[in-house]
Each structure stands twice: as structure tokens, then as C-alpha cells.
Amino acid sequence: LFNTLAAVRVKLNTMLLYSRSSRAMNISTSGILRLNRSATYARSINASVSRKSFCLAADSKILEKSSVQTPKHTIQVLDENGKDVTPRPVYQPDPAAVQSKHSKIFASDTSGGTMSDFYSTTYQTTTNASFAGAFTRSLFGSGSVSIGSQSIMESMSEEIEDPSSKRDNSISLSDVQVKREEVKELIQEEMLDDMVDLYLVESDTLCLLDMPAISVSVDSMEAESVKERNSRYTELCKNRTGNDKYMGRSMQTFNGASKTKEVQSEAITMADAATIANNWDMYDSFCSAGQGEVDLSTDTDKASIAEMIHQNHGPTRTMERTMSVISSSTIVSSSSSRMEMEPFVVPSESKPDPELILQSEEFQQHLFVMERIILENIYQPKLAAYRQLPTLEGMVLLEESSLDEEGPPTPALERLWSFSCELTTGRNVSSMAWNKRNPDLLAVGYGQFAFKDQKPGLVCCWSLKNPSWPERIFTCQSGVTALDFSASSASMLAVGMHDGTIATYNVQSREKTPVIDSSDCVHKHTSPVWQVRWINHERALSGEDKGEALISVSADGRISKWFLRKDLMKLKRTRNDRFKRQVGEKERKSEALISRQAPGLCFDFHPTDSNIYLAGTEEGHIHKCSCSYNEQFLETYQAHKGPLYRITWSPFCSDVFLSCSSDWTIQLWRQDLFTPVLGFMSTQRAVYDVMWSPKWATVFGAVNEGRMEIWDLGASILDPTIVNPASPGVKLTSLLFATETDCVLVGDSDGQVSVYQLKNFTAGEGTQVGTLEDIIGSTLASQL
Amino acid sequence: QAEVEETLKRIQTHKGVIGTIVVNAEGIPIRTTLDNSTTVQYAGLLHQLTMKARSTVRDIDPQNDLTFLRIRSKKHEIMVAPDKEYMLIVIQNPSE
């Protein structure tokens, strides 16, 4: 009976063979016997056709017996022996699935269904049919009577030595279909609305293929029995050859007809994605990954993405497209990919407003730089000449001049450009000063000299890089008359005004208001401040005096020294000095309570000894004073007949100074002589400004109302070497030498500061100190 | 602010300046003194070039970054100030 299992198996092997005939019915009684018999031969896979048919017949017989219905038999194919070899369909639906359990065992007409029916029976209930019971017992006899389908499967599969795919297919197909029917009967109407809890559990491992090893390890327990078996078998084989018990017979397996089945699946869409990982790309990802925060700058640098973004212009492009673009491109690292998705979400929510862009700091900075670049393009040859860089035009000219050989070229002035803008037109340039630290920064003060037609003053800080618009513009309440940059804190600009106020501005900040104002001070000046200067006192009189102090001279006759107290933010005046008005030629030593004080117009500190300074008054007197002695002047130099506009020590010869006044003259003095060594007069105009050249000791520049002059004492002491007349209607008011180049700045009453370059001008090698001294010496000698 | 407007106006009135363009990050012009088609063309082409230039600069040294780009041609000079959110372009004829 155990072999019936094998019989069933054999039946399964040959699904296509099937015979349902009445003949099956007839041999029902002997079916079991038949089965048994056939089972013995069923060990081998290759079963004969007849055997199969018998088996099948046996099966079908049982089937007919158990079920009431008659299966349909329309076509029957008989082979030469009269056996039914009708090809069976692969699967036929199971009509008897719901019927009695007996029929379930072999309910379907096909053997393919039997396997599934096995399963169905196992799911349903145990065997309780009498006839089927016997059968089932036999069927299940090989293994334990278990309901789990796996055990049967396993027991079945153990014996199966050569599984064919065909069989598997049929098994699975029928299996699936039967199960589906099972499920269908369970679902009812009211159950549709129920919430069904689905529990996903791990199912037991289904073994689809198990090929047990045919070799056994020598160490295992079965080794002995296996060895014994093997030896017995070899003996059997040996005995077989000449033995009568064994007869060789040939068999033929039936080759099943193959059937092609076509399956169609959806086309797998492939998408190509590419990206470029640049050096900086990896660096950015690394940096942003290390920071652990979103770094917006990493995204825009992606060349591939950015190019894709900017291929589509116009408002139709949305941020969603960028997101899809990003997602399709491969990312270097997974972390960066996460971070890159995020920042592109942010801009989509709040797109930068065009107005916001225009207001932003970076935009202003870019505009600033752009303007400078544009101006550099425009002014490039002029600026290059200023910086004394060789220009192409200059070189061409040099070649031409050398060919001409006319003689030494005459020194001349070449106008490079002028600092002016619409703000400054119409204003009078009163003073100019270079920044001590940045030689490209120029501060220009605009204010009227005369008492009438006063208007609010202006201070403009110009940069060489932008001659068309000042960097800083400060408006002051009254006309500006004096300017100076501090040396210690290079951004402090002291401004003296026509109403006596002194203010300091910080040019680094964008504020338009002064840092400190002296208008609150008790002892402030009451008359126009004509000159301010920052002086550094090395030798301090007391602890307070160290550092830089602001000295100012004003028309109320006082020279005041101001200290800026950082904590108090207030100018504090520490000492003053008064001028005394000379009455006639005698000096008045006594101090009257009400002394008429001469308005001071200018002063200059000694270049090396910061204690000594010269002061010029409206009367034309030059007083040499000392900081440590407040009461009296040390010396007085009298030569000028008009107010002194400028006194300046020579930067090279420490005891020589120049003075200019409205009496049309410029006087050269030596400290120890009370009469001027040399006097210069060129035109009958008041000389407003004079300045020593920072490069040559014998050169100085002077500006009077109508023209600008450069004097070279080594060339001539009677006439200026270069004369540049002013434009008609414009008065020249101030002069400034550029410290590092051969340029001169001239300010005029129309608000223009013109930059001139000295061409073909040289006073000789070195600073010409010796020449100056020689000139002075020879002049003195000739005077004696 | 008014200062920005003033500076922009000043730039446009400088000698030799042919046009000024400010575009945002998407290529939409914010301010321009040229016609729309020219503006869009300049913006698109220069953006690509700026990207390439920036990539070059940063490839050599990733800590570096592009601040300004000037292209001088026979007829004029194109100056580009690139930024994350916008691009400022000025075309000037320097030899005028």
C-alpha cells in the first residue's frame, strides 16, 4: 500500500496520458492490485506506456467510483494495442471541488488536479470517507498523517529524483487555481465592508528543489550502512549479468510535446543620467557634509545642473523642473544628495525679489567695483601717466623727440584729469589734503573765503580710481576752510569751518555726521578757522600731551590745541596762544586785559622739532613760537605787507621756510635771519598758496589768482620755470603736490581740482639740498 | 535705495558705456538699457561662460571663487559681475 504513493507519482509524470473509459470501471475491483503491481515497477522514472495507462486507468476508476457524475469523454485516442492514449488537457477545472471529500482526492479528471486536490483535502479536513480513507491512509502512509501540505510535498519531493519543469508548472498552476476557488467561497457580502486585518508573517520556507546529496561523508553515522548498501548493490549488478532472474528490456520514454507560452511585460524604460564631479564639487560636498547644514553655495556651482537650468529662459520655467532635473542626475554622495534637495525647496517658496536684489549689499559692492572698472577703462592712459607707468603714446613720442633732436625739451604741464562732479561746481576749493596712509585718497574742502556769499560747505573725499564721483560726501553747516588727515588714525579727518567750528569725520564709515564737533565747546573759536593740523608731539610735557593733537589757528587770534578724549567724546582745549597786535615797530610786552589780537591765518610746525612753530598773521608778521612758552613769541619776522596766506618749512632744509602773502610776493627765509633771503614775484596778484615740492629741495609751486607756477631755484630765481594760466573767469586757490609722483593738484574757484603732470621736468639728481644751500649762501654773499 | 539708482544711472552715463544689464538667477532681466532680445541673449550666453569660468577657477583651487569677469574684444569690453542671485553686465566701448 505504501507503493500506491509511488503509483500516484508515476501518474503525475505522465499527465498527458489519460484514459477514461468504461474499461476503467470494469477493472475497479482489481484496481488496487493493479496499482500495487505497477507500483513495483514504478521505482524507475521511465515507465512504459502501458504501465502508465494502467495506473491512470486505476486512478480514473477510483475517480468514477467516488464521484457521481460522469466525466465527459468526447475524444478517445487508442494506440495499436487498444489502449487509450487520449491526450489530456493540461488542466481541467475542478467541478467536484465543493463536493464530497472522497471526490476531492481525485476530483478532477486530470492528474494535475490531483496534486492540488491533495492539498485541498489537507486544508479541509481529515479523511473520513471510508473508501477514500483507506486510500488516503495508504497515500499518506509514507509520511506522517499531517495536514500541512509541506510534509506531503516534502515526502513527495524526496522520492522525486528528476523533477521536470513541466510537472512543476502543472502543479503550481493547478495549485494556484484551486486556492483561488477556496478563497472565493469564503468571501460573502457583509464581509466586504469589514476591516480585515492582514497579518504578514513569515511563511515557512518552501523548498522548491531539494537535491539530496548522493554522497555521504565518511565520518557520518550512516557511512557504514551506506557502504554496506553500496557493496550489496555492486554485487547485485555483478550477479545480474548472467542471471536468469534479470532480463534486459528496452524502454522508451514518451517525449512530451512542448508548448510555447508567450509572456509580455511592460517595456523597461531606461533613462540615462550623467553628471560631472568637479574638484570643487567634491570639495563643496565635503565641506557641507562636514558642517552638517545646508549650504546653498554648493548647489549653484554644479555645472551640469546650472546649465540645464539656464537652458530654459523665461517665466515658464518653474522650480519643480529644477527639482526633477536634480533628482535625475547622479549625486556624488548620498548625504550631499539629501542636502541638495533641500535648498532648492527654499527658493521655490520665496523667490528673490528683483527689488531685494537691487538693495542687497553685494549688488552695491558690485556696482561700485563696476563703476571703477568702467572709469579705469576711460581714464586708463591718464592714470597710467599719473602712476608714471610707460604708456604706448608716451613711448611713441619719446622716439619722435629723440629723432628730432631739437634740444632739451621744455618742461611743461600736462593736464591729466580733474576731480569734479555736479555737486562741486560753483564751489570754491579752499583746501586739499592727502590721506596719510592711502596716497590715493584726497580730501577736498569747499568753502568761500570771503565773508559774503557764504553757503554750506562741502567736504568730498575723492579716490584716484573714480574721478567722476567722490567716495564720501560730507555737508557742513558752513564753508570749509581747512582740512587735515590724521596720521595716527588715518581715517580721521579734521575740518575747520568758516564759523569757527572744528569737526572730525571718520571717512571709513558711511555716516554723514561728524564724529566730534567743537561747537559745544566753551572756548571754541569764534572766527573762521584757517588752518588745522594734526601734530604728533614726541616730547610730551605731561602725561596728557602724548599722542596726536589737533592744532588750529583762527582769525580770532588764537592758536588752540585740541585733544580728543575718547571717553568724553568731546574736544577739550588745553592751552592757547595769543597773538599780539603790533603797534608800530615796537613790541608791546605788557599784556593788557583787552588786547587786540591779530587774526592768525596760517601756521606750520617745524619738521623735526615739534615744539617750534611758525605762525603768520593778517598783518604780515611771522612769529616763531614754542609750545612750551605760551606767553611770548620767540622771534618775529616782518617783511610782508599783507596778510600771510601760507607758511611752510622746507622738508629738506630744516631752517628754511617759505611764505606767501597777498602782497604778490613769496619770500624765502632762513630761520636765523630776520630778513628774507630771497623774494619772488611774478605777477601782481595775490599768492594764495605755496608748497615745497616733496621731491626736490629747490622746487616749489605757487598759485596766485590767475595762474599756477612752478619755481625751480636751481634753474632760475627770477622767473618761474613752468607757468600754467588758469581758465578765464576761474581763480586758482590751492595747490597740492602729489607725494609719490610728479603731479600737482590745483583747486580753483569753480570746484574743480585739476591734476597736472610735470613733463620733462627735473631739477636734477637727488634732492638738491646742496643746491639750495648754495643758492642761499651765494645770495647772502652777494648781499653783503 | 536711491544710492543704488544713482550709481546705476551714473554708470550708464559714463563715456563709452553701451549698455547695462542686471538679470536675476533665472535670466530674467531686472534692469536693462538694451532691448529685450539682446538682453536675453547676453544674459544667457554670459551665464554659461560665467559658470565655466567659475568652474575653472574652483577646479584649480576649491577655496577660490570667481569675483569678476572681463572680456575684451575688438569692438568693446564686456564686464560681468556674477553673484548667486543676480548678474551685472556692462558693455563698454573703451576706445571711444
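As the structure is a computational prediction, the values presented were derived from the model and not from experiment. (Residues numbered from 1 in each chain as written. Chains lettered and ligands numbered in written order. Predicted model: local features only at pLDDT ≥ 70, side-chain atom pairs only at ≥ 80, totals over all residues. Heavy atoms only, no water.)

Draft legend 1. Fine view of the sheet that holds strand β27 (residues 722-725) of chain A. Residues and elements named next belong to chain A. One open sheet holds the four strands; their spatial order is β24-β25-β26-β27, and the pairing between them is antiparallel. Of all strands in the sheet, those bounded by a partner on one side alone are β24 (687-692) and β27. Geometrically, the sheet is characterised by an average inter-axis angle of 15° between neighbouring strands, direction not taken into account. (Pairing = 2+ DSSP bridges. Helix = DSSP H or I, 4+ residues; strand = E, 2+ residues; numbered from the N terminus. Axes fitted to C-alpha atoms, helices over the stretch in contact; angles between N-to-C directions.)

Draft legend 2. Representation of the UniProt feature "repeat: WD" (unreviewed entry) in chain A within the structure. The sites that UniProt annotates as "repeat: WD" (unreviewed entry) are residues 637-669 of chain A. The straight-line gap between the two end C-alpha atoms of residues 637-669 of chain A is 9 Å; of that span, 0% is helix and 55% is strand. (UniProt positions renumbered as here; feature names shortened; annotations may be inferred.)

Draft legend 3. Quick look at the pattern of salt bridges. The final tally for this structure, using the stated rule, is 17 salt bridges over all chains. Between Lys 759 of chain A and Glu 414 of chain A there is a salt bridge, and its shortest N-O distance comes to 2.9 Å. Residue Lys 759 of chain A is located in strand β30 (residues 753-759), and its partner Glu 414 of chain A is located in strand β3 (residues 412-419); the two are separated by 345 residues in the primary sequence. With a relative accessible area of 33%, Lys 759 of chain A lands in the partly exposed category. Here Glu 414 of chain A falls in the partly exposed class, since its relative accessible area comes to 30%. The partner of Arg 670 of chain A in a salt bridge is Asp 672 of chain A, and the shortest N-O contact between them spans 3.1 Å. Given a relative accessible area of 24%, Arg 670 of chain A falls into the partly exposed group. Linked by salt bridges that have partners in common, Glu 376 of chain A together with Arg 70, Arg 72 and Glu 77 of chain B make up one network. (Salt bridge = Lys/Arg side-chain N within 4 Å of Asp/Glu carboxyl O. Buried < 20%, exposed > 50% of the residue type's maximum accessible area, 1.4 Å probe, protein only.)

Draft legend 4. Structural context of the interface of chain A and chain B. In this assembly, 37 residues from chain A lie in contact with 46 residues from chain B. Summed over both sides, the interface between chain A and chain B buries roughly 3,900 Å², with carbon and sulfur atoms accounting for 62% of that surface. One can count three salt bridges joining chain A with chain B. We note a salt bridge from Arg 10 of chain B to Glu 371 of chain A, for which the minimum N-O separation is 2.9 Å. Top contributing element to the side of chain A that touches chain B by residue count: helix α17 (residues 361-386) of chain A, with 14 residues. Split by residue class, the side of chain A that touches chain B holds 17 nonpolar, 11 polar and nine charged. (Contact = heavy atoms within 4.5 Å. Buried area = accessible area lost by both parts, 1.4 Å probe. Nonpolar A, V, L, I, M, F, W, Y, C, P; charged D, E, K, R; others polar.)

Draft legend 5. A look at the packing of α17 of chain A against helix α1 (residues 2-13) of chain B. For the pair α17 of chain A and α1 of chain B, the least separation of the axes is 10 Å and the interaxial angle reads 25°. On the basis of their axis angle, the class for α17 of chain A and α1 of chain B is roughly parallel. Where α17 of chain A crosses over α1 of chain B, the handedness of that crossing is left-handed. Taken together, the residues of α1 of chain B that come into contact with α17 of chain A (itself represented by Phe 363, Gln 364, Leu 367, Met 370, Glu 371 and Ile 374 of chain A) are Val 4, Thr 7, Leu 8, Arg 10 and Ile 11 of chain B. Counted by class, the contact of α17 of chain A with α1 of chain B contains seven nonpolar, two polar and two charged residues. (Parallel < 35°, antiparallel > 145°, perpendicular 65-115°, else oblique. Left-handed = near helix turned anticlockwise from the far one by under 90°.)

Draft legend 6. Examining the sheet that holds strand β6 (residues 458-463) of chain A more closely. Residues and elements named next belong to chain A. As summarised here, the arrangement of the four strands in space is β4-β5-β6-β7, forming an open sheet in which the pairing is antiparallel. With one partner strand each, in any of the chains shown, β4 (429-434) and β7 (472-475) form the two edges of the open sheet. This sheet shows a mean twist of 15° between the axes of neighbouring strands, independent of strand direction. Inspection of the sheet shows strand β5 (residues 441-446) paired to β6 by six bridges, in the antiparallel sense. Across the sheet, residue Val 444 finds its bridge partner in β6, namely Cys 460.

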